[in-house]
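Single-letter residue listing:
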Amino acid sequence: MLEFNFSPFPNLETNRLNLRRLKSEDVNEILVLRSNPEIMKFIPRPLMKTKEEALEFISVMDTNVNNNNVVNWAITTKEEDKLIGMIGFYRMKPENYRAEVGYILSTEFHGQGIITEALERIIQFGFDEMKLNSIEAVIDPENYGSEKVLLKNNFVKEGHFKEHTFFEGKFLDSVFYSLLKKNY
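First, a word on scope: everything that follows refers to the structure included in this document. (Residues numbered from 1 in each chain as written. Predicted model: local features only at pLDDT ≥ 70, side-chain atom pairs only at ≥ 80, totals over all residues. Heavy atoms only, no water.)

Next up on the list: the pattern of salt bridges. Counted under the stated rule, the structure contains 12 salt bridges. Here Arg-16 and Glu-117 are joined by a salt bridge, their closest N and O atoms 2.6 Å apart. Of this pair, Arg-16 sits in the loop between β1 (12–13) and β2 (17–21) while Glu-117 sits in helix α3 (residues 114–128), and the two are 101 residues apart along the sequence. A relative accessible area of 34% places Arg-16 in the partly exposed class. Taken together, the shared-partner salt bridges connect Arg-20, Lys-23, Asp-26 and Asp-81 into one network. (Salt bridge = Lys/Arg side-chain N within 4 Å of Asp/Glu carboxyl O. Helix = DSSP H or I, 4+ residues; strand = E, 2+ residues; numbered from the N terminus. Buried < 20%, exposed > 50% of the residue type's maximum accessible area, 1.4 Å probe, protein only.)

Going through the model one piece at a time under the given rule, you end up with seven aromatic pairs. Taking 6.0 Å as the distance between ring centres and 15° as the angle between the ring planes, the aromatic pair formed by Phe-4 and Phe-6 counts as stacked. A residue is classified by how much of its surface remains accessible, and Phe-4, at 11% relative accessible area, is buried. Ring geometry for Phe-127 versus Tyr-184: centroids 5.1 Å apart, planes at 55°, classification tilted. Taken as a pair, Phe-127 in helix α3 and Tyr-184 in the segment after β8 (170–180) lie far apart in primary sequence, 57 residues in all. Here a set of aromatic residues connected by ring pairs shows up, and it is made of Phe-9, Trp-73, Phe-89 and Phe-125. (Phe/Tyr/Trp six-rings, centres within 6.5 Å; stacked < 30°, edge-to-face > 60°.)

Moving on, we come to the packing of α3 against helix α4 (residues 144–152). Look at α3 against α4: their axes get within 10 Å of each other, and the N-to-C directions meet at 40°. In terms of axis orientation, α3 runs oblique to α4. As for the relative orientation of α3 and α4, their crossing is right-handed in sense. Across the interface between the two elements, Ile-115, Thr-116 and Leu-119 from α3 touch Val-149, Leu-150 and Lys-152 from α4. (Axes fitted to C-alpha atoms, helices over the stretch in contact; angles between N-to-C directions. Parallel < 35°, antiparallel > 145°, perpendicular 65-115°, else oblique. Left-handed = near helix turned anticlockwise from the far one by under 90°. Contact = heavy atoms within 4.5 Å.)

Along α4, the residues classified as buried are Ser-146, Val-149 and Leu-150. Taken end-on, α4 shows its buried residues confined to a sector of 95°, consistent with a single buried face. What points out from α4, more than 90 degrees from its buried face, is the exposed set Tyr-144, Lys-148 and Lys-152. In this structure, the buried side of α4 is in contact with β5 (98–105), α3, β6 (134–139) and β8. (Arc of directions from axis to C-beta.)

Where helix α1 (residues 27–35) meets helix α2 (residues 51–66), the axes come as close as 9 Å, and the angle between the chain directions of the two elements is 105°. Here α1 lies roughly perpendicular to α2, going by the angle between them. Taken together, the residues of α2 that come into contact with α1 (itself represented by Val-27, Asn-28, Ile-30, Leu-31 and Arg-34) are Lys-51, Ala-54, Leu-55, Phe-57 and Ile-58. Of the residues that constitute the contact of α1 with α2, the class distribution is seven nonpolar, one polar and two charged. (Nonpolar A, V, L, I, M, F, W, Y, C, P; charged D, E, K, R; others polar.)

Once that is clear, we can look at unusual backbone geometry. Residue Ser-7 is joined to Pro-8 through a cis peptide bond whose omega torsion reads 0°. On the secondary structure map, Pro-8 appears in the segment before β1. Its identity is not glycine, yet Asn-68 carries a phi of approximately 60°, on the positive side. By secondary structure assignment, the location of Asn-68 is in the loop between α2 and β3 (71–77). Notably, Tyr-97 is not glycine yet its phi reads approximately 55°, a positive angle. Taking relative accessible area as the criterion, Tyr-97 reaches 33% and is therefore assigned partly exposed.

The next point concerns the side chain of Ser-174. Looking at the element boundaries, Ser-174 is found in strand β8. You can call Ser-174 buried: its relative accessible area is 5%. In this structure the side chain of Ser-174 is engaged in a polar contact, spanning 3.0 Å, whose partner is the side chain of His-164. (Polar contact = N/O pair within 3.5 Å; in protein donor to acceptor, adjacent residues only side chain to side chain.)

Quick look at the structure:
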């Protein structure tokens with residue numbers, strides 16, 4: 001079974017981006033992201049309403065990183081240390097050498113290849129440093145932008161689960177994608 005250790009925190013970079021730990025100064029940007037119905041349209045989580053909820057989110061992420069249960073990065077550009085999105089490994093299954101990736105990005109940065117670039121870097125980290133064997137992603141079947149990002153990074157569609165998740169009084173379908181280390 002794998003044992004993860006995110007201390008010290010693994011800051012990463014790409015050509016255009018810095019991937020760093022969330023900090024309390026990110027509170028306003030996180031609130032903007034997680035309170036925007038358009039951005040959250042395909043993420044079955046309640047919309048944030050207050051700065052306190054955003055601070056609590058940062059605190060929970062911090063605790064989970066400290067406990068090696070999650071690793072979550074703030075996405076910033078190299079020009080400015082302002083959070084424009086987040087990406088990370090959640091629902092980690094060390095006994096199966098597997099983790100689920102998730103990401104979110106400010107609408108003003110959509111269509112610029114930001115998530116594709118960040119995902120490429122954390123895939124490398126997941127396979128080379130965390131020693132994962134597979135990385136999965138679970139998306140809404142209508143989230144074509146996310147599907148495009150996953151396919152660009154060689155993920156393969158594994159299944160479409162009908163009415164897989166119950167959220168806000170509705171059953172939602174989920175599509176599972178994965179990337180195996182041997183196909184990386």
